[in-house]
Each structure stands twice: as structure tokens, then as C-alpha cells.
Amino acid sequence: MDLTVYLATMLKSLRQGRGWSLSRLAEETGVSKAMLGQIERNESSPTVSTLWKIATGLNVPFSTFISPPEGGTLRAYDPQQQAMVVTPIFPWDEKLHFDLFSINLAPGAISESTPHETGVIEHVIVISGVLDMCIDGQWRTIVAGSGLRFAGDEAHAYRNSTAQTTHFHSLIHYPKEKAAGKPTAKTTTINKPDNPEV
């Protein structure tokens with residue numbers, strides 16, 4: 001099944017399974033009713049940030065929409081024509097409560113992410129290139145071999161300010177139950193031993 005068809009089918013199935021109208025889904029996700037209808041009819045492919053809004057509003061892991069049925073081949077989700085290409089490495093794990101993605105961010109590309117569900121912790125590890133991340137309104141630079149752990153329930157953004165593609169991994173850890181407060185993990189930078197803190 002084509003990935004965009006799978007996404008459209010999954011979105012409609014999740015919405016109908018909850019007994020929600022498109023209007024209710026729009027209220028819960030912050031995505032317009034018109035856009036949601038276009039996605040369900042496979043007339044439009046959402047950006048990565050829009051898909052995150054939808055996943056958060058439905059309280060499902062992001063990989064729900066881009067991982068094929070069991071036995072299918074994992075494929076990249078590329079709605080922005082190479083601007084930000086997301087490929088699942090390990091889709092949603094029911095026991096460990098995480099997704100792991102391989103992400104390529106094109107030169108000059110920026111992707112803004114709305115806050116995820118309360119309690120979500122994100123771990124970003126740069127494999128090659130340089131990644132700028134905005135967390136709590138502050139931009140930080142992460143070089144290859146370094147990582148950053150932060151609370152994903154705050155708005156954050158990814159940016160590639162260089163002339164080369166940046167490749168990084170993102171591990172999203174979800175709470176086992178909906179948390180009432182903020183996650184306990186604070187923003188942490190992990191660097192290669194020979195690199196100064198960035």
C-alpha cells in the first residue's frame with residue numbers, strides 16, 4: 001500500500017473509531033477541518049509538523065501514520081520533497097513506549113514542532129552534519145557525534161543552517177500513562193569527549 005494512502009486510511013480509521021467528526025478532530029489537533037478532510041481523501045500530504053499535531057491530538061505515536069502494517073517494508077516519509085525526510089528505524093514499541101526515527105534535513109531547511117503530549121521525552125543524536133535546535137526559545141548547535149535530550153511537550157524546532165544535508169536520529173519516549181505534570185528530564189547535551197560543549 002502506498003504510504004500516503006496508508007496514512008489517509010489510518011487517520012480516517014482512528015477518527016471514526018473514536019466516533020469523532022472532522023470538526024471534533026480539528027478541535028483536538030489544531031489542524032483545520034479542510035486540511036484533515038484533504039488528508040483523509042488522500043488529496044494532500046501533511047508536513048511532518050502537521051502530522052505531529054494530528055498524532056498528539058489523537059494521543060497516538062507518530063509512527064502510527066508512517067509505519068506500514070506488520071511485514072511491510074519501512075519507507076521514508078517525504079511530504080516536503082526532500083526538505084525533511086523521516087524513516088522509521090524502530091516503530092512504536094508497546095512495551096518500551098518509544099519510536100526511533102532516522103531523519104535527513106536538507107540544507108537551509110527548518111521544521112517547527114508543536115508541543116507533544118505531556119511527559120514525552122525526545123532524544124536527538126546527530127549522525128552527520130550540524131543541527132540547530134530551538135528549545136525554550138534558545139537555539140543550540142549540535143555537531144556529529146553529539147546529542148540532546150529534552151522535554152518534548154514544549155514547542156521546538158530543527159534547522160540546518162549549513163550547505164550539507166544533516167542526518168540525525170530521534171528517539172521519542174512516551175509516558176506509560178498520561179502524566180499530570182511536566183516530564184522530569186531536563187534538557188541535556190551529550191558531546192563527544194573531544195568536543196567542547198555546544
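Procedures and definitions
- Residues numbered from 1 in each chain as written.
- Predicted model: local features only at pLDDT ≥ 70, side-chain atom pairs only at ≥ 80, totals over all residues.
- Heavy atoms only, no water.
- Salt bridge = Lys/Arg side-chain N within 4 Å of Asp/Glu carboxyl O.
- Helix = DSSP H or I, 4+ residues; strand = E, 2+ residues; numbered from the N terminus.
- Buried < 20%, exposed > 50% of the residue type's maximum accessible area, 1.4 Å probe, protein only.
- Pairing = 2+ DSSP bridges.
- Axes fitted to C-alpha atoms, helices over the stretch in contact; angles between N-to-C directions.

Named according to an unreviewed UniProt entry, the protein is Cupin domain-containing protein originating from Kosakonia arachidis.

**Q** I keep staring at the pattern of salt bridges and nothing clicks. Help me out?
**A** A side chain with one charge can pair with a side chain of the opposite charge if their charged atoms come near. Per the counting criterion, the structure on display carries four salt bridges. Ionic pairing is found between Asp132 and Arg159, a salt bridge with its closest N-O pair at 3.3 Å. Of this pair, Asp132 sits in strand β5 (residues 130–135) while Arg159 sits in strand β8 (residues 156–159), placing them 27 residues apart in sequence. By relative accessible area, Asp132 is classed as buried at 8%. Owing to a relative accessible area of 26%, Arg159 belongs among the partly exposed residues under this scheme.

**Q** Would you explain the sheet that holds β5 in this entry?
**A** Backbone hydrogen bonds hold the strands of a sheet together, and the pairing may be parallel or antiparallel. Strands sit in the order β3-β8-β5-β6 across an open sheet of four strands; the sheet is antiparallel. Whereas interior strands pair on both sides, the edge strands pair on one side only; in this sheet they are β3 (110–113) and β6 (138–143). Going from strand to strand, the sheet's axes swing by 20° on average, the running direction of each strand aside. Bridging between β3 and β8 involves four bridges; their strand directions are antiparallel. In the sheet register, Ser111 faces β8, and the bridge partner there is Tyr158.

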